[in-house]
Amino acid sequence: MKHTQSSSAPKRARTSKDCSAGHNCTDDNCSCCGDGPVQLDDQVLSQSAAVLVSMALEEIENTGDRAVVIKLFETAIEKYGDDKSMEHAWALLRFSEYAEYMEYAEKAVLLAKELNTVSDLERAQCELLEARAQVLSFCLEQSNWRDPTADDSDNDDVDEDVSRPIAGEQKLVDSLAQLVAAHNKLSAERSAAPFVEAYLGTLTFLFARREAHALTSRMLLVLFDAAVSIVYAHEGWLATSSSASNVNGDDMRKIAHQATLVWAMAAAECLVNADAVEARLEPIVEYLASQPNDAECCKLYAQLLLVLCGCYEDEEKAMNAYELASTKLAQAHKLSPDDLEIKSQLADMGQALN
């Protein structure tokens, strides 16, 4: 998700003790900048709080310097001061999600509750913010992480990870239900912007939680079941919303595919019944099957089929799924011959590349 800004915070946001006084380098290849403390220049400091938050989000997207990101957020929050707005509340939450400071998430929720929300849109955004803050707290609970000393090659460790219950599971499920409900409300809005922003923001948030910590398989299953529900809300929104035609759906579709695959893999690890996995994936599988000329769709279809192979107890069904997956991967390779992931998977399956 792109965030526009009127200025940037490159590596010269850091100073160096080796630099001469007044050094204000604009050269991205400068060898002496970037190792000192963070010091935002006057041009950056003159920006509004909203622009500083946008700059921080772009730094995150570009895997920028963590200290610079934190400095941008802190400066933005200082500029917001006593401002009571949804914009301020979301800035606090996004800072909390990035830095893993729950105190800022709690401040965000309190601020949102103080706002005079009169429209359905504002209420849905408040509910979404509160739900994301609650989900964050469960993801930061270390008992919901994999044992860092466990060896994935040890079946006992894998079984323990799958069977271990989630700390506060029912409260997490309730929070995720609120998250999905808020998205459904936003999908009913006339304007595309609130729904698209929430959609990309929430799925990106869930992926960030997955990448930040080794969450248990059970935790991933529950989190990404909510993600799949949001994906299906998106599909319904695309089909019914008059404003959907104004949206570039490539980014939305790509992250939807990734979320679906993560859920399917977690379901397989948690030994979810194959029929239940098939039923949950049916809408996305039907869509993928209808896109034979799209390399990404063919690739995801094949990947989901390979996951299903591991779920089936019936050997014939497993073999049929494997053969169809092989066909779909070969089809994806023809459509996108330079895709390294497709090449690797075909090689793993013993297929020769043309």
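As the structure is a prediction and not an experimental result, all values here were calculated from the model.

Rules used in this analysis
Residues numbered from 1 in each chain as written. Predicted model: local features only at pLDDT ≥ 70, side-chain atom pairs only at ≥ 80, totals over all residues. Heavy atoms only, no water. Disulfide = S-S within 2.5 Å. Helix = DSSP H or I, 4+ residues; strand = E, 2+ residues; numbered from the N terminus. Expected span 1.5 Å × (residues − 1). Buried < 20%, exposed > 50% of the residue type's maximum accessible area, 1.4 Å probe, protein only. Phe/Tyr/Trp six-rings, centres within 6.5 Å; stacked < 30°, edge-to-face > 60°. Lys NZ or Arg CZ within 6 Å of the ring centre and 35° of its normal. pLDDT = per-residue confidence, 0-100. Contact = heavy atoms within 4.5 Å. Salt bridge = Lys/Arg side-chain N within 4 Å of Asp/Glu carboxyl O. Polar contact = N/O pair within 3.5 Å; in protein donor to acceptor, adjacent residues only side chain to side chain. Core = buried A, V, L, I, M, F, W, Y, C linked by side-chain atoms within 4.5 Å.

Engineer: Outline the state of the cysteines, listing residues and values.
Structural biologist: Scanning all chains against the criterion turns up zero disulfides. No disulfide involves Cys 298; its nearest neighbouring cysteine sulfur is the one of Cys 297, lying 7.0 Å away.

Engineer: Describe helix α11 (residues 250-269), naming the residues involved and giving the relevant values.
Structural biologist: With 20 residues, α11 should cover 28 Å at 1.5 Å per step; its first-to-last C-alpha distance of 29 Å lies within 8% of that length. Within α11 the residues assigned to the buried category are Met 252, Ile 255, Ala 256, His 257, Ala 259, Thr 260, Leu 261, Val 262, Trp 263, Ala 264, Ala 266 and Ala 267. Leu 271, located one to two residues past α11, shows a positive phi value of around 60 degrees.

Engineer: Which residues make up the packing of aromatic side chains, and what are the values?
Structural biologist: Using the criterion set out here, one finds six aromatic pairs in the structure. Joined through ring pairs, the aromatic side chains of Phe 73, Phe 95, Tyr 101 and Tyr 104 make up one cluster. The cationic tip of Lys 107 hangs over the ring face of Tyr 104; the distance from NZ or CZ to the ring centre is 4.9 Å.

Engineer: Explain the confidence of the model for the protein to me, using residue names and the numbers behind them.
Structural biologist: Per-residue confidence for the protein gives a mean pLDDT of 84, with 81% of residues at or over 70. Considering each helix and strand of the protein separately, the mean pLDDT is smallest for helix α7 (residues 155-163), with a value of 60, and largest for helix α4 (residues 86-99), with 96. In this model, residues 1-7 is a region of pLDDT below 50 whose contacts with residues beyond four sequence positions or in other chains number 19 contacts.

Engineer: How would you sum up α4? Please name residues and give values.
Structural biologist: The end-to-end C-alpha separation of α4 is 20 Å, in line with the 20 Å expected for 14 residues at 1.5 Å each. By the criterion of burial, α4 is predominantly enclosed, with 11 of the 14 residues buried. Taken residue by residue, α4 has Met 86, His 88, Ala 89, Trp 90, Ala 91, Leu 92, Leu 93, Phe 95, Ser 96, Glu 97 and Ala 99 as its buried positions. Each element contacted by the buried residues of α4 is listed here: α2 (49-61), α3 (66-80), α5 (102-114), α6 (120-139) and α9 (192-212). Note on α4: the residue one or two positions beyond its end, Glu 100, has a positive phi of about 60 degrees.

Engineer: Account for the side chain of Gln 345, naming residues and giving values.
Structural biologist: Its location among the elements puts Gln 345 in helix α15 (residues 340-348). Exposure remark for Gln 345: the relative accessible area of 18% places this residue in the buried category. The residues touching Gln 345, leaving out its near neighbours within four places in the chain, are Lys 299, Gln 303 and Leu 329.

Engineer: Lay out the pattern of salt bridges in plain terms, naming residues and giving numbers.
Structural biologist: Working definition: two side chains of opposite charge can pair if their charged atoms are close together. One pass over the full model with this rule turns up 15 salt bridges. The partner of Lys 185 in a salt bridge is Glu 127, and the shortest N-O contact between them spans 2.8 Å. In this pair, Lys 185 sits in helix α8 (residues 169-187) while Glu 127 sits in helix α6, placing the two residues 58 residues apart along the sequence. In this structure, Asp 294 and Arg 253 form a salt bridge, with 2.5 Å as the shortest nitrogen-oxygen distance.

Engineer: Describe the side chain of Arg 280, listing the residues and the values that go with them.
Structural biologist: Structurally, Arg 280 can be placed in helix α12 (residues 274-289). Separated by 2.9 Å, the side chain of Arg 280 and the backbone oxygen of Asp 225 make a polar contact. Excluding residues within four positions of it along the chain, Arg 280 makes contact with Asp 225, Val 228, Ser 229, Tyr 232 and Trp 263.

Engineer: Could you give me a rundown of the nonpolar core, with the residues and numbers involved?
Structural biologist: Proteins that are soluble and globular tend to have nonpolar side chains buried together. By size, the foremost hydrophobic cluster in this structure holds 111 residues, and its most contacted members are Leu 129, Leu 172, Tyr 199, Leu 223, Phe 224 and Trp 263. Residues in contact with Trp 263, not counting those within four places in the same chain, are Leu 221, Phe 224, Asp 225, Val 228, Val 277, Arg 280 and Leu 281.

Engineer: Before we move on, can you summarise unusual backbone geometry with the specific residues and values?
Structural biologist: Even without glycine at this site, Glu 100 takes up a positive phi of about 60 degrees. On the secondary structure map, Glu 100 appears in the loop between α4 and α5. Phi is positive for Leu 271, close to 60 degrees, though the residue is something other than glycine. Of note, Leu 271 is situated in the loop between α11 and α12. Overall, the relative accessible area of 71% leaves Leu 271 in the exposed class.

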